[in-house]
Amino acid sequence: MEINTSFPDVNMVKANSAKSYENIDTSKLEDEALRKVANDFEAFFMQQLLDVSLKDVNVAGEGNAGEIIKGMYTEAISSQSTGTVGISDLLYNFLSENNK
């Protein structure tokens, strides 16, 4: 059995890894990140709205278990409704126009 003890040239590895990042469009990455932040904000806003709206409603019974299930319910609804209310679009458009 032969063991290879030669190490790759560090400068060659750096050059190859730098070339792999040359063609990345950073503006597209920024747009995707901005869209994700806008969607996350809308989901957070919707969850807060639902939590306040359903404050006195017993969705899944009374007590701590009911509150936990209600919290899971509002979280699921808010995450599934992301992008449907329009807040994320408004926020994305405002931030992308002011970012440039």
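This one's a predicted model, so the numbers in the text were calculated from it and none came from an experiment. (Residues numbered from 1 in each chain as written. Predicted model: local features only at pLDDT ≥ 70, side-chain atom pairs only at ≥ 80, totals over all residues. Heavy atoms only, no water.)

As enumerated under the stated definition, the model contains three salt bridges in all. With a shortest N-O distance of 2.9 Å, Lys36 and Asp40 are connected by a salt bridge. In this pair, Lys36 and Asp40 both sit in helix α2 (residues 26-53), four residues apart, roughly one turn of the helix. Assessed through its relative accessible area of 52%, Lys36 is described here as exposed. On the accessibility criterion, Asp40 (41% relative accessible area) is partly exposed. Between Glu67 and Lys70 there is a salt bridge, with the nearest N and O atoms lying 3.6 Å from each other. Taken together, the residues span about one helical turn, with Glu67 and Lys70 both in helix α3 (residues 63-80) at a distance of three residues. Accessibility expressed as a relative area gives 45% for Glu67, which makes it partly exposed. The exposure class assigned to Lys70 is buried, which follows from its relative accessible area of 7%. (Salt bridge = Lys/Arg side-chain N within 4 Å of Asp/Glu carboxyl O. Helix = DSSP H or I, 4+ residues; strand = E, 2+ residues; numbered from the N terminus. Buried < 20%, exposed > 50% of the residue type's maximum accessible area, 1.4 Å probe, protein only.)

Attention now goes to the side chain of Ser81. Structurally, Ser81 is set in the loop between α3 and α4 (87-99). A polar contact is formed between the side chain of Ser81 and the backbone oxygen of Ser78, at a distance of 3.3 Å. Filtering out sequence-adjacent residues up to four positions away, Ser81 remains in contact with Glu42 and Met46. (Polar contact = N/O pair within 3.5 Å; in protein donor to acceptor, adjacent residues only side chain to side chain. Contact = heavy atoms within 4.5 Å.)

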